[in-house]
Amino acid sequence: MKKIGRLDRPDNSGSAHMFESPVLEKMSRTHISIPIVMFLVISTISFYYALTTTEIQLSVGLLVLASGLFVFTFVEYMMHKHFFHMEPDTPVKDKLQYSVHGVHHDYPRDKDRLAMPPFVSAAYVIIFYFVFTFLMGDYALYFLPGFLIGYTGYLGVHYIVHAFQPPKNFLKVLWVNHAIHHYKDPDVAFGVSSPLWDILLGTMPKKQ
């Protein structure tokens, strides 16, 4: 198995102590409901302003919203593959990679570190808003909710696949793929909320 974290094997019952400062240590953790609620509230506000302050037809707006959701699945895949799993070939990249993702591979069942801390998530939203507005103007008010709904879905799926046993239905593939990613081959199954891009880009796990 390619080593992503620093332990010889994942610790399913432990939790990393990442900072000497108790304040920073506390800030590095979050309950999964906090970013999920935050993203849903921001999505609702953005959608409301899209309806009330723009002249974009609702049918067009809903298509833009759906495209935001679709684009998120691609961003999720690419971020996981190329940023979270970057080659830690310098001390700075090693520290960054471990802090944002390697620690999760070491302690995959640490429920307080299954999402970025709220202040990081808030910074993401601000960046997304300004980038989307720069690229598409008022359409960003529809695109942002779709993108954040995708992000919310990712957070929810990521939490439940680590916290609960897999269901006996078609969703089981999400549990199986993510378990393979963590415990057998971290170079496959980069899509968490959807296997779409793994299928299209050739990183689906081989059938066991």
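Further up the page is the structure itself.
Figured I'd write up the structure that's included with this text. (Residues numbered from 1 in each chain as written. Predicted model: local features only at pLDDT ≥ 70, side-chain atom pairs only at ≥ 80, totals over all residues. Heavy atoms only, no water.)

As for a nonpolar patch on the surface
A cluster of nonpolar residues, Phe70, Val71, Phe74, Leu196, Ile199, Leu200 and Leu201, forms a patch on the protein surface that exposes about 610 Å² of accessible area. Looking at the nonpolar patch, the elements with two or more residues in it are α3 (58-84) and α8 (196-201). The dominant element in the nonpolar patch, judged by the number of residues it contributes, is α8, at four residues. Taking the relative accessible area as the measure of exposure, Val71 reaches 31% and is therefore partly exposed. (Patch = residues over 30% accessible without salt bridge, like charges linked within 9 Å, V, L, I, M, F, W, Y side chains within 5 Å. Areas by Shrake-Rupley, 256 points an atom, 1.4 Å probe, with all protein chains shown as cover. Salt bridge = Lys/Arg side-chain N within 4 Å of Asp/Glu carboxyl O. Helix = DSSP H or I, 4+ residues; strand = E, 2+ residues; numbered from the N terminus. Buried < 20%, exposed > 50% of the residue type's maximum accessible area, 1.4 Å probe, protein only.)

Observations concerning the packing of aromatic side chains
In the structure shown here, the tally under the stated rule is 19 aromatic pairs. With centroids separated by 4.8 Å and ring planes inclined at 65 degrees, the aromatic side chains of Phe74 and Trp197 adopt a geometry described as edge-to-face. Here Phe74, found in helix α3, pairs with Trp197, found in helix α8; they are 123 residues apart in sequence, far enough to count as distant. Note on Trp197: relative accessible area 14%, which makes it buried. Ring centres of Phe132 and Phe143 lie 4.8 Å apart, and the angle between their planes is 75 degrees; on these two criteria the pair is classed as edge-to-face. A residue pair is termed long-range when its members are at least 10 positions apart, and Phe132 in helix α5 (residues 118-136) and Phe143 in helix α6 (residues 140-163) qualify at eleven residues. By the burial criterion, Phe132 is buried, and Phe143 matches it. Sitting above the plane of the Tyr98 ring, Arg6 keeps its charged end 4.0 Å from the centroid. (Phe/Tyr/Trp six-rings, centres within 6.5 Å; stacked < 30°, edge-to-face > 60°. Lys NZ or Arg CZ within 6 Å of the ring centre and 35° of its normal.)

Digging into unusual backbone geometry
The backbone of Ala189 shows a phi angle near 60 degrees, a positive value even though the residue is not glycine. Considering the arrangement of structural elements, one finds Ala189 in the loop between α7 (172-183) and α8.

So, helix α2 (residues 33-53)
Counted at 1.5 Å a residue, the expected span for α2 with its 21 residues is 30 Å, and the 30 Å between its end C-alpha atoms agrees. Among the residues of α2, Pro35, Ile36, Phe39, Ser43, Ser46 and Ala50 are the ones counted as buried. For α2, the angular spread of the buried residues around the axis is 100 degrees, confining them to a single face. (Expected span 1.5 Å × (residues − 1). Arc of directions from axis to C-beta.)

A few points about the side chain of Ser43
In this fold, Ser43 is placed in helix α2. Take Ser43: its relative accessible area is 6%, and that puts it in the buried class. Apart from the residues within four sequence positions on either side, Ser43 is in contact with Pro145, Leu148 and Ile149. (Contact = heavy atoms within 4.5 Å.)

Some points on the nonpolar core
Membership of the largest hydrophobic core comes to 31 residues, with the highest contact counts inside it found for Phe128, Phe132, Tyr151, Tyr154 and Leu155. When contributions to this core are tallied by element, the ones reaching two or more residues are α2, α3, α5, α6 and α7. With 14 residues, α6 is the single largest residue contributor to this core. Beyond its immediate sequence surroundings of up to four residues, Tyr151 is in contact with Phe39, Phe72, Tyr124 and Phe128. If you look at the next biggest cluster of nonpolar residues, it comprises five residues, including Met18, Tyr98, Val103 and Tyr107. (Core = buried A, V, L, I, M, F, W, Y, C linked by side-chain atoms within 4.5 Å.)

Regarding the pattern of salt bridges
Opposite charge on two side chains permits them to pair, given that their charged atoms come into close proximity. The tally for this structure, following the rule as stated, stands at six salt bridges. Notably, a salt bridge pairs Arg113 with Glu25, separated by 2.9 Å at the nearest N-O pair. With Arg113 in the loop between α4 (91-106) and α5 and Glu25 in helix α1 (residues 22-27), this pair connects stretches of sequence that are 88 residues apart. Each member of the pair, Arg113 together with Glu25, is buried. When salt bridges with common partners are traced through the structure, they connect Glu25, Arg29, Asp110 and Arg113 into a single cluster.

Examining the packing of α2 against α5
Two elements in contact, α2 and α5, have axes separated by 10 Å at closest approach and are oriented at 25 degrees. The angle between α2 and α5 falls in the class roughly parallel. Handedness of the α2/α5 crossing: right-handed. Contacts between α2 and α5 involve Ile34, Pro35, Met38, Phe39 and Ile42 on the former and, on the latter, Pro118, Ser121, Ala122 and Val125. Tallied by class, residues from the contact of α2 with α5 come to eight nonpolar, one polar and no charged. (Axes fitted to C-alpha atoms, helices over the stretch in contact; angles between N-to-C directions. Parallel < 35°, antiparallel > 145°, perpendicular 65-115°, else oblique. Left-handed = near helix turned anticlockwise from the far one by under 90°. Nonpolar A, V, L, I, M, F, W, Y, C, P; charged D, E, K, R; others polar.)

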